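Residue-level listing of the chains:
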Amino acid sequence: MQEFVKLLGLEQKPPDNQKTGIWNGNEFVFEESNWEMMSFAKLLYRYGIQPFSLNRYVQTILNDFAKIYDLLDAGKSFENVTSLLSAMNNRFPKLLQVSIKTHLLDLGYSEKIIDELVKAALVVNYGQDTNIQSFVGCVALAGAGFNLWSVKGGNKKVPEHLIYRNKNVNIIPSYVVKIINVPNEDGKNQYELHSHNKDSTVIMKSAYDIVIVATSLTSDQQLPIIFEGFPNNDFHGAEKYHKTVATFIEADLKPYYFGSVEEIDGILSCDPNKTIISSVGRLNSVEGTIKNSRIWKIFSNAPLKTGILNEMFSNIKEVKEITWKAYPEYLTHVHDANFKLHNALYHVNAIEWAASAMEMSAISSRNIAILTHKDFVEKYHCQDINKMLDDIPQTTLSADL
């Protein structure tokens, strides 16, 4: 993602340095101070040295994770998630099979830090509890405890510029509803895509040598893709994606609802069953020009009733709600998701069963680009050589060989 930002000439927008607290429904179990040293002192008082030890542990995970960039630079590619994770650290696949709570308890961390600090990070990032698998749990902790930045103008500028500044990319605004495997006599099978645009049910058909699916393949999707003509016609797993509700509201926060005497920029829940919401955060301008705005974003696992919003906010001017299936429902029995589904059919979102983040999608995409290129060159180069050899007279062929 950093390379994309440099390549596209985009700018970084530094973090807003907002004050955040962890709320259990009754009180803030931890609240940052305006002074960094005071925040450190509060951490020490409540959790001892464990937050700093946990920070070092997550850093070791990140150091191993970073090995994937050198591997991809060297042209390495992987057909499934397990092999990709193993290349970073051969212990990483095991993290998919144990919950983050069990994993951290085994490492000696207390239930208090797991049920408060760790759980808050999981809830805000994935809307889920400490029973999720450990690898995605570590990704959530990395996203909560390290220096992060966003793209000035919005992170969406990265994919937008990558697509629209490339003259070789042709966008066809349509829904793909079916992919058919069509074998040819020469062995170069193609894929026939059936699609229709948003305003029409007329089916359009197009044939392609390579198809890369960049959407989730689960049975609970609103518009699942039908597969035909494959040895296994159903690439949809039984797993599901987690439904998250994002509510945007222009209003004034009521601090006393959360048991505080002064306004706070970010509120993370460590008990969403009790608090109803997963998080509340102040949204400032993506350009970095407006601070302390009256726009707030609320994450929750269900739509928020008007009564709840009125309890949390005053002077409400506008409310907008977006419901989406944002990331997988994480378990501790993860299937070995494949990047390569068929000869020249690939799946970017397979990476999400390890962890869901834009950085993960970028890694998966580059892996598939390398894998696709290797497969294409090997397939067509070998076929061209075989055709050339078939055209050579037998006597010459034998002598040359």
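Residues numbered from 1 in each chain as written. Predicted model: local features only at pLDDT ≥ 70, side-chain atom pairs only at ≥ 80, totals over all residues. Heavy atoms only, no water.

Going by what an unreviewed UniProt entry lists, the chain is known as Prenylcysteine oxidase-like and is assigned to Dufourea novaeangliae. Its UniProt record gives the chain a comment under Cofactor (unreviewed entry), which states: "FAD". (UniProt positions renumbered as here; feature names shortened; annotations may be inferred.)

Colleague: Mind showing me how you'd approach the overall build of the chain here?
Modeller: Looking only at helices and strands, one finds 14 helices and 16 strands in the chain. Once the C-alpha set of the chain is aligned to its principal axes, its extents read approximately 90 × 50 × 40 Å. A buried classification covers 42% of the 401 residues belonging to the chain. As displayed, the chain has an accessible area near 22,100 Å², and 53% of this comes from carbon and sulfur atoms. (Helix = DSSP H or I, 4+ residues; strand = E, 2+ residues; numbered from the N terminus. Buried < 20%, exposed > 50% of the residue type's maximum accessible area, 1.4 Å probe, protein only. Areas by Shrake-Rupley, 256 points an atom, 1.4 Å probe, with all protein chains shown as cover.)

Colleague: Would you explain helix α8 (residues 111–126) in this entry?
Modeller: Turn by turn, an α-helix covers 3.6 residues, leaving residues three or four places apart pointing in a common direction. Of all the bends in α8, the largest measures some 40° and sits at Lys 119. Those residues of α8 lying buried are Ile 113, Ile 114, Glu 116, Leu 117, Val 118, Lys 119, Ala 120, Ala 121, Leu 122, Val 123 and Tyr 126. Where α8 terminates, the next one or two residues include Gly 127, which has phi positive at roughly 65°. (Bend = angle between axes of the 7 residues up to and from the residue.)

Colleague: How should I be thinking about the layout of surface pockets in this particular structure?
Modeller: Rolling a probe over the atoms, with the probe sized like a water molecule, indicates the empty space that remains. Here the second largest pocket defines a volume of roughly 250 Å³. Class assignment for the residues of the lining of the second largest pocket results in 6 nonpolar, 6 polar and 4 charged. (1 Å grid on protein atoms, 1.4 Å probe; cavity = no way out; pocket = protein on both sides within 12 Å on 5 of 7 lines; lining within 4 Å. Points joined across faces, edges and corners; volume = space filled by probe spheres on them. Nonpolar A, V, L, I, M, F, W, Y, C, P; charged D, E, K, R; others polar.)

Colleague: Please explain the sheet that holds strand β10 (residues 241–253) as it appears in this structure.
Modeller: Each strand in a sheet pairs with its neighbour through backbone hydrogen bonds, running either in the same direction (parallel) or in the opposite one (antiparallel). Strand order in the open sheet formed by 7 strands is β3-β2-β11-β12-β13-β10-β14, with mixed pairing between adjacent strands. Both edges of this open sheet fall to β3 (28–31) and β14 (313–328), since each of them pairs with a single strand only. Within this sheet the neighbouring strands show an average axis-to-axis angle of 20°, counted without direction. Sitting on the sheet, α8 is in contact with β2 (20–23), β3, β10, β11 (266–269), β12 (277–282), β13 (295–300) and β14, with an inclination near 105° to β11. (Pairing = 2+ DSSP bridges. Axes fitted to C-alpha atoms, helices over the stretch in contact; angles between N-to-C directions. Contact = heavy atoms within 4.5 Å.)

Colleague: Even after reading the chapter, I still don't get the pairing of β11, so can you show me in this structure?
Modeller: For a regular strand, side chains alternate in direction, first toward one face of the sheet and then toward the other. In this sheet, β11 lies alongside β2 in parallel orientation, the contact comprising 4 bridges. The residue of β11 that forms the bridge with Thr 20 is Gly 266. Pairing of β11 with β12, which is carried by 3 bridges, proceeds in the antiparallel orientation. Note on β12: the bridge partner recorded for Gly 266 is Gly 281.

Colleague: When you look at the state of the cysteines in this model, what are you seeing that I'm missing?
Modeller: Linking two cysteines covalently through their sulfur atoms gives a disulfide. Within the structure shown, the criterion is met by 0 disulfides. Its sulfur unpaired, Cys 138 is 19 Å from the next cysteine sulfur, which belongs to Cys 270. Accessibility expressed as a relative area gives 3% for Cys 138, which makes it buried. Given a relative accessible area of 6%, Cys 270 falls into the buried group. (Disulfide = S-S within 2.5 Å.)

Colleague: What should I look at first to understand the packing of aromatic side chains in this one?
Modeller: Any two aromatic rings considered together are summarised by their centre-to-centre distance and by the angle between their planes. As enumerated under the stated definition, the model contains 14 aromatic pairs in all. Relative to Tyr 69, the ring of Phe 65 lies with its centre 6.5 Å away and its plane at 70°, an arrangement referred to as edge-to-face. Ring centres 5.9 Å apart and planes at 75° place the aromatic pair Phe 227 and Phe 230 in the edge-to-face group. Each member of the pair, Phe 227 as well as Phe 230, is classed as buried. Put simply, the rings of Tyr 191, Phe 227, Phe 230 and Phe 235 pair up and form one aromatic cluster. (Phe/Tyr/Trp six-rings, centres within 6.5 Å; stacked < 30°, edge-to-face > 60°.)

Colleague: I keep staring at the environment of Lys 152 and nothing clicks. Help me out?
Modeller: With respect to the helices, strands and loops of the structure, Lys 152 is situated in the loop between β4 (150–151) and α10 (157–164). On the basis of relative accessibility, which here comes to 31%, the residue Lys 152 falls in the partly exposed class. Considered as a pair, Lys 152 and Phe 299 are 147 residues apart in the sequence and their alpha carbons are 23 Å apart. Beyond its immediate chain neighbours, meaning those up to four positions away, Lys 152 contacts Glu 11, Gln 12, Lys 13, Lys 157, Val 286 and Glu 287.

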